[in-house]
Amino acid sequence: MSAVPLLEVSKLKKHYSSPKRWLTPQQAPIQAVDDVSFTVSRGETLALVGESGCGKTTTAKSVLRLVEPTAGSVRLAGEELVGLSQAQMRQRRRQMQIIFQDPYASLNPRLSAGEAVAEPLRNFGVGDRKERTERVAWLFSRVGLRPEAATKYPHEFSGGQRQRLGIARALALQPQLIVCDEPVSALDVSVQAQVVNLLMDLQEEFGIAYLFVAHDLAVVRHISHRVAVMYLGHIVEIADRTTLFAAPRHPYTEILLSAVPVPNPRTPARRILLQGDPPSPANPPSGCRFHTRCPLAQPVCAQQKPTLSPREGSGEHLVACHFR
Ligand code: SF4
């Protein structure tokens, strides 16, 4: 892995303002993503995890500018993407692709599988018709689909095969970064492992970096090199996978991990229940955003926001907590 990050995200914010309604006070903006910073190296998988609504998908889509960041910086291979025109951004998207949770929704039902995979090549004027056909056949074989399936339509494939199609389409332009937005959570458990292993094989072969959004921590443990834990629009902990799963520091990470099934049934599970509902991102708690649900909260936690900072002995393990 290169020491120079492929992707550098700094102080990223995405706030959504609600429309002003007549005779009602203006609502506070929803702080879906607030002051989020991280890097992804070439050939690395960084997983973004957290409860539904924590801002992980909005973060991933802001990186691609599929949603427009409110503030902050997103640099790909050193180039700032925030502020580029849509036409400039379109060119950069050759290097940045996305795999969606629901491949069926992302595939045009009127295009055959071969046409769907060839579409990005056609849009970017890559090769002539014959070269594109050959490239599509090669992509099909790389993702484990038979070349003759190119004439079928998306509804004729199983869920796992459709996700393979989505992967082939994302690979077509040889991107450096693929954002994987819950890519296996809609698949049967038996198929999930095949698709995750395929993504890992492709990463090894082509050196692709993945920003992997997921809530299934067993999948994250298998595929990721590093993990960033999000709570209410903030990153609360980042560490390499081994450290994070073996020795989490942030109380929220501990609670999340306690819900992961234990592989050895003789080892008793020590599940910690998360108290209360997540607060509204339109009105987040003061200080540490987790203080309303944290079993370790002290008065200072409601007053001072903890910074995401390195822990002693490891510059790579960052935690946002006054006491951990
Ligand atoms: Fe809990 Fe306080 Fe740490 Fe926040 S700063 S996680 S409330 S102990």
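Calculation criteria
- Residues numbered from 1 in each chain as written.
- Predicted model: local features only at pLDDT ≥ 70, side-chain atom pairs only at ≥ 80, totals over all residues.
- Heavy atoms only, no water.
- Helix = DSSP H or I, 4+ residues; strand = E, 2+ residues; numbered from the N terminus.
- Buried < 20%, exposed > 50% of the residue type's maximum accessible area, 1.4 Å probe, protein only.
- Contact = heavy atoms within 4.5 Å.
- Pairing = 2+ DSSP bridges.
- Axes fitted to C-alpha atoms, helices over the stretch in contact; angles between N-to-C directions.
- Near = heavy atom within 4 Å.
- Nonpolar A, V, L, I, M, F, W, Y, C, P; charged D, E, K, R; others polar.
- Core = buried A, V, L, I, M, F, W, Y, C linked by side-chain atoms within 4.5 Å.

> Go over the environment of Arg142, please, and point to the residues and values.
Here Arg142 lies in helix α5 (residues 129-142). Given a relative accessible area of 22%, Arg142 falls into the partly exposed group. Remark: the alpha-carbon pair of Arg142 and Gln88, spanning 54 residues in sequence, is separated by 30 Å. Apart from the residues lying within four places of it in its own chain, the contact partners of Arg142 are Leu198, Leu202, Glu205 and Phe206.

> Go over the sheet that holds strand β12 (residues 314-319), please, and point to the residues and values.
Overall, mixed pairing links the 8 strands, which are arranged β6-β7-β8-β3-β9-β10-β12-β11 in an open sheet. Looking along the sheet, the strands with just one partner apiece sit at the ends: β6 (96-99) and β11 (309-311). Neighbouring strand axes in the sheet, compared pairwise and without regard to direction, differ in orientation by 25° on average. Sheet analysis places β6 next to strand β7 (residues 177-181), joined by 4 bridges and oriented parallel. By the bridge assignment for β7, Ile99 is matched with Cys180. In this fold helix α1 (residues 56-63) packs onto β3 (45-49), β6, β7, β8 (209-213) and β9 (226-231), with an angle of close to 150° to the strand it touches most, β8. Where helix α10 (residues 251-258) meets the sheet, it contacts β3, β9 and β10 (234-240), and its direction lies at approximately 105° from that of β9.

> Got a sec to walk through the site of the ligand? Specific residues and values, please.
By nearness alone, every residue bordering the ligand is listed as His250, Pro251, Cys288, His291, Cys294, Leu296, Ala297, Cys301, Cys321, His322 and Phe323. Of the residues in the shell around the ligand, the class split is 8 nonpolar, 3 polar and no charged.

> So, the nonpolar core: which residues are in play, and what are the values?
Phe140 and Ile167 are the most contacted members of the largest nonpolar core, which has 60 residues in total. Looking at this core element by element, the count peaks at 6 residues for helix α7 (residues 189-206). With near-sequence residues (within four places) excluded, Ile167 lies in contact with Ile99, Val143, Val195, Leu198, Leu199 and Leu202. Residues Leu7, Leu84, Ala209 and Val213 belong to the second largest nonpolar core, which totals 31 residues.

> How would you explain the sheet that holds strand β5 (residues 79-80) if you had to name every residue and give the values?
Here 4 strands make up an open sheet; going across it, the order is β2-β1-β4-β5 and the pairing antiparallel. The two strands at the open ends of the sheet, each matched to only one other strand, are β2 (30-41) and β5. Strand direction decides the pairing type here: strand β4 (residues 71-76) and β5, joined by 2 bridges, are antiparallel. The residue of β5 that forms the bridge with Leu76 is Glu79.

> Could you give an account of helix α4 (residues 113-123), naming the residues involved and the relevant values?
An α-helical turn contains 3.6 residues, so a residue and the one three or four places further along point in the same direction. Every buried residue of α4 is listed here: Ala113, Gly114, Ala116, Val117, Ala118, Pro120 and Leu121. The elements touched by buried residues of α4 are α5 and α6 (159-171). One or two positions beyond α4, positive phi appears at Gly125, with a value near 65°.

> Account for the pairing of strand β1 (residues 5-16), with residues named and values stated.
Pairing between β1 and β2: 8 bridges, direction antiparallel. When the sheet's bridge partners are listed, Val9 is paired in β2 with Phe38.

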